Amino acid sequence: MSKYHKPDNEKIQALKDIGNKLRILSIKATSAAGSGHPTSCCSMADIMSVLFFHVMKYKVNDQRDCNSDRFVLSKGHAAPILYACWVENGGYPEQKLMELRKIDNTFEGHPTPRLDFVDVATGSLGQGLSNACGMAYTGKYFDKASYRVYCLIGDGESAEGSIWEACAFASEYKLDNLVLILDANRLGQSQPTALGHQMDTYQKRFDAFGWNAIVVDGHNVEDLCKVFHEASVTTGKPTAILAKTFKGKGCPDVENLENWHGKALGAKAEGAIDAISKLIQNNKHSLTPPVPVDDAPAVNISEVKLFEAPSYSLGDMVATRVAYGTALVKIGKDNKHVVAIDGDMKNSTYSIKFRDAFPDRFIECFIAEQNLVGVAMGAACRNRTVAFASTFACFLSRAYDQIRMGAVSQSNVNFMGSHVGISIGEDGPSQMALEDIAMFRAIPGCTVFYPSDAVAMERAVELAANTPGMCFIRASRPTTPVVYGNTEVFQIGKAKVRRQSDKDQVTIVAAGVTLPEAEKAAVTLAAEGISVCVVDPFTVKPIDKATLLTCAKASGNKVLTVEDHYPEGGLGEAVSAALSEEGVKVRRLAVQNIPYSGPPTVLLERFGISASCIVKAVKGF
């Protein structure tokens, strides 16, 4: 192999010794905790030794250094051995590891970014490779830097479809700075894995996906050093190191046996530690990680602004999804680190506008929504980009586990879901997002925007770009009238009172396509001598309780919510929760049943959220 220099025998032995020390630390920590996955740690110990003390370039004293190599432990249940690496490299005291899984200790059962050396939370299996793809894409195409990305997955989780979505993505974009390590230890949680040690089958599968696939003995330190070198000089494709290992390696009466997943070794711990200790020739070593190349560019993603203010005329008919694309281009002009990601819906979500303006900052993930979400999260790591991911809102539900883990990962990724509700019309219920507000309201720390016109949408995009934590922006398919002036100021958690008088009898809260319906209803009611207040919430989470309460008190403590969404978890529930202890009566109009195809206006009427339905509901109050 070109330019490969085998490490000398002393270093090989030191790496073997470190691997065994990592095993012992993992066994001790899980024994102290009384729970954990020591056998899963033992199978990958030699891999981790070679990675952290020979291959990866990183700074121990600057754990989120932008130039350092990234490591994603997709099989997050093996967290103790990752923590053990950071104890062994001097980053943390051993005592912290011995308090594994205890309350307030950041060495948790599975890794989270409460630790600076963890970029994404893992543990829900099959997700880490997509995150790693986002990091590798960012490193190769945006940062154009030397850092590399390593992702270790378990053979059990390789059954997840998201793994193969990520494999296709990495191959498509020739991510030769990405290395996957498969810890093929043969045993799953409740039985052997489907392929066991059929390493040739794994190799054929990765070969078929366009990877440089290499089978290696995962316990042979010298061979591991060699294949990691091969990965470093492979160009034009990612590398998959397929490591044949044994679960519980080194532990007598445990190694390669079933029914030891997720269990501390108990009475067998002492014998395992004793047996492994006898393999160690030197408990002290002087190995330090290689120094990274400092060539990642400085990135400033603060104070992102619309390059130009909105430029609409009142009454213009503009779909908010179109305004989303316009706003993306504007913030992209302002900040070169804004990136857009889509799943082959760009001509419907209008992220195509961004693609046309900034093709080098657009990532096409094709129809693979789980990978789309994971890639977006990876791209946003270490504050390298301002990432906006878009698709039909209904399809984000198939990636809800990734979104949920994004919250645990403290991700700043932004999502736009278009084609919401029955107002999309003839495409029918499979395309209608009617549960998306509920989905994202349930995500801790997530801001949920529901802009009602083009001006509000542009400002929602601008605000999302600057808001810590996850954001979701809901966009409608049909055109709606521009009702706000171009200089209107929007704030998160601040509603807009669209119509108000001192004779209001009911407050109507509506957003998106139902806002113009509510305003039509208000005109009809006014002609009949009934005054109503109309409120546009702008954000459903956080909801503007103060404005809602003021308007409700001024309208006889009567509130009617109208939404193009199922009643569970939507706008109505958000308003009801905010006013539940305030003596306010809230009634809700929402889509009560699974809809079907039809013209939007007909569907709004049929499912009870049109202007005429609002008029009837107000009179019923």
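Residues numbered from 1 in each chain as written. Predicted model: local features only at pLDDT ≥ 70, side-chain atom pairs only at ≥ 80, totals over all residues. Heavy atoms only, no water.

All right, on to the packing of aromatic side chains then. Here the distance between the centres and the angle between the planes together describe a pair of aromatic rings. Scanning the entire structure with this criterion turns up 25 aromatic pairs. Seen in terms of ring centroids, tyrosine 137 and tyrosine 141 are 4.6 Å apart; in terms of plane orientation they differ by 45°. Their pairing is tilted. With tyrosine 137 and tyrosine 141 both in helix H6 (residues 128–142), this residue pair falls 4 residues apart, about one helical turn. On the basis of an interplanar angle of 45° and a centroid distance of 5.9 Å, the ring pair of phenylalanine 415 and phenylalanine 440 is categorised as tilted. With phenylalanine 415 in strand S10 (residues 414–418) and phenylalanine 440 in helix H17 (residues 436–441), this pair connects stretches of sequence that are 25 residues apart. You can call phenylalanine 415 buried: its relative accessible area is 1%. What links up through ring pairs into an aromatic cluster is the set Phe52, Tyr58, Phe71, Tyr83, Trp86, Tyr92, Phe107 and Phe117. A cation over a ring is seen here: arginine 474 above tyrosine 450, with NZ or CZ 4.9 Å from the ring centre. (Phe/Tyr/Trp six-rings, centres within 6.5 Å; stacked < 30°, edge-to-face > 60°. Helix = DSSP H or I, 4+ residues; strand = E, 2+ residues; numbered from the N terminus. Buried < 20%, exposed > 50% of the residue type's maximum accessible area, 1.4 Å probe, protein only. Lys NZ or Arg CZ within 6 Å of the ring centre and 35° of its normal.)

Attention now goes to helix H16 (residues 400–408). Within the span of H16, buried status applies to Gln402, Ile403, Met405 and Gly406. For H16, the angular spread of the buried residues around the axis is 165°, confining them to a single face. Packed against the buried residues of H16 are helix H7 (161–172), helix H14 (369–380), helix H15 (393–396), S10 and H17. Phi turns positive one or two residues past the end of H16, at glutamine 410, with a value near 55°. (Arc of directions from axis to C-beta. Contact = heavy atoms within 4.5 Å.)

This part covers the sheet that holds strand S19 (residues 585–589). In sheet architecture, strand pairing relies on hydrogen bonds along the backbone and comes in two forms, parallel and antiparallel. Here we have 5 strands laid out as an open sheet, ordered S14-S16-S15-S18-S19, and mixed in their pairing. Either end of the sheet is taken by a strand with one partner, and the two such strands are strand S14 (496–499) and S19. In this sheet, neighbouring strand axes are inclined to one another by 25° on average, regardless of whether the strands run parallel or antiparallel. As judged from the 5 bridges shared by strand S15 (residues 504–510) and strand S16 (residues 531–536), these two strands associate in the parallel manner. When the sheet's bridge partners are listed, aspartate 504 is paired in S16 with serine 531. (Pairing = 2+ DSSP bridges. Axes fitted to C-alpha atoms, helices over the stretch in contact; angles between N-to-C directions.)

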